[in-house]
Structures are given as structure tokens and as C-alpha cells.
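Reading the structure
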Amino acid sequence: MSQLKQAILSVTAAGDKAFVPYIMAGDGGLDKLQPTILKLQELGVTAIEVGIPFTDPVADGPTIERAGERALANGTTLRKVLETLTGFADQITIPLVAMTYLNPILAYGVEKFAHDAKQAGIRGVIIPDMPLEESGIVHPALKNAEIALIQLVSLTSTPERIERLTKASEGFIYAVTVNGITGARSSFAGSLDDHFKRIQTYTDTPVLAGFGISAPEHVKNFGSFCSGVIVGSKIVDSLANGDWDIIEELVKASKASAVK
Ligand SMILES: O=P(O)(O)OC[C@@H](O)[C@@H](O)c1c[nH]c2ccccc12
């Protein structure tokens, strides 16, 4: 079993819900990466999704896109992110998940990426612009490096496709909660719990909800019918403003005492 899946299952076995913050590497400068990751780790997050900035981020909403632009303006590259992470990998005790588009991986070299990512503490990868049918390009190298390849399942996927993606997904299943791009939202469709429960019938790999989750109430609500949540835009904004209180509240909402 992948280390990522194991980390999530140990959280849910204890009665808590997984909490996975997304951060944009290089936003505010790469020197921020180490203190940010170590502080999130200290707050008790389950894993951290580390975004690699990219010039054509088709799935990103405005908050993440702007953070990506700031990171690129700082000269952030995939190579520099991996080097920076490797520099303090011995202090990282939770799995990191890299969120990157396919192009930077191909430009870096698939084999080299898998090798260097492993050294950097990366235990899972999300590649939003790579369809499942194309995953043969990267899967063997990732598998070799024991890096889970996570699939995104959207609300509009057909039932057959949902089943196929779910069964293929490693580490966890990224269940997208809205139709559209990333970004904080105030409300969600009503029938999501059935959708999530159906996904979970195909697999014992944990299902995490992501997109739009931005308040402690959302964390609790989604936690009632899946294994945990991913929070992006709200975390990115809070980090840019130095507002750690809201981050702490979001993490707390994933703990058993709050979920019940
Ligand atoms: O920002 P939100 O709405 O909280 O959603 C998480 C999301 O930002 C993060 O997981 C992510 C950033 N870029 C992506 C591209 C595709 C899928 C997911 C992502």
C-alpha cells in the first residue's frame, strides 16, 4: 500500500478526517517553502499538496493562477522546487503530493522527475491535464519510485468513467465537488453525498473532496461522507496574508472532536 494511502487511513482509523492543504511553491519566494511546510506539519495536516507553477494552468481558478504568476515571477521552476524540498526532506514526516501539469514533467524527463521527486519527499502526484488513457507515459517511472498517481473524478464523469478512474487512482481519489475551476465557494450542490458514497463503493482507497472548500463548516460537512478534504485557494490566500488563525481553524475542523 502506498505511504500516502496509509497516512490517510491511519488518520481515519483514529476517527479524524484527512486534511490536505494545497500550497503554491515559490509564492512569496522559495525560502518560504520550508517554514510553511514545517508549520503545516506541526498543525497536524495529513499531507500537503505542493503546486508547481506553470504558464498555462487550465484547471486553476483565479486565486491559484495569480499565486502561480507570483511564483513564476520569482523564478520558481520544478527543478528549484525539488532541490529546495530535498534540502529539508529529513524534517518532513508527512507525505507530499506534487500538483503539476504534464509539460514540466516531460521537459524535466519522466525518469529523472520520479527519482528526484522521491528524494524530495513526494509520495503522490496529481497531473490534471493528463487523461487516464495517457498515464502510461509516467506511470511505470512513478511506480518504480513508489509515488502514487492520483486521479481526479469530476461530477460530470459518466458512471463507467467514474468507476474506471476510481479503480485506477492511487493514494486517494480526488473527488471534485463542483463543476468548474478551483476557488473558494460558499455553497455546494445538494446531492453530493450520494455521489461520494457511490465512488467509495468501487474501492477501499480513501476519497477526498476538493474544490471550493473554504470554511470550517465545509470541512465538517464533507467529512461526514468522505475521508477528508483538500483546501487550496483559501490556504493560498491565508498564507499570502499571513493569516494562520483561519488555517488552524480549518485543520481543527477535521479532527474527531469537531467532525461529530
Ligand atoms: O482552490 P480550491 O477550490 O480549494 O481547490 C483545491 C485546488 O486549488 C488544488 O487542489 C488544485 C490547484 N490546482 C489544481 C488543478 C487541478 C486540480 C486541483 C488543483
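Look above for the structure.
Worth saying up front: this structure is predicted, and the values here are computed from it rather than measured.

1. As for the pairing of strand β4 (residues 122-126)
Residues in a regular strand point their side chains to alternate faces of the sheet. Burial analysis of β4 places 5 of its 5 residues in the buried class, the great majority of the element. In terms of strand pairing, strand β3 (residues 96-99) meets β4 through 4 bridges, oriented parallel. Looking across to β4, one finds that V97 is bridged to G124. With 3 bridges joining them, β4 and strand β5 (residues 148-153) adopt parallel strand pairing. Its bridge partner being in β5, G124 is matched across the sheet by A148. Once the chain exits β4 it traverses helix α7 (residues 139-144) before rejoining the sheet at β5, and the crossover so formed is right-handed.

2. Quick notes on unusual backbone geometry
Located in the positive-phi region is E146, a residue other than glycine, with phi close to 55°. Note that E146 resides in the loop between α7 and β5. Note on E146: 12 C-beta atoms within 10 Å, which makes it exposed.

Rules used throughout
Residues numbered from 1 in each chain as written. Predicted model: local features only at pLDDT ≥ 70, side-chain atom pairs only at ≥ 80, totals over all residues. Buried ≥ 20, exposed ≤ 12 C-beta atoms within 10 Å, placed from the backbone. Helix = DSSP H or I, 4+ residues; strand = E, 2+ residues; numbered from the N terminus. Pairing = 2+ DSSP bridges. Right-handed = clockwise from strand over helix to strand, strands pointing away.

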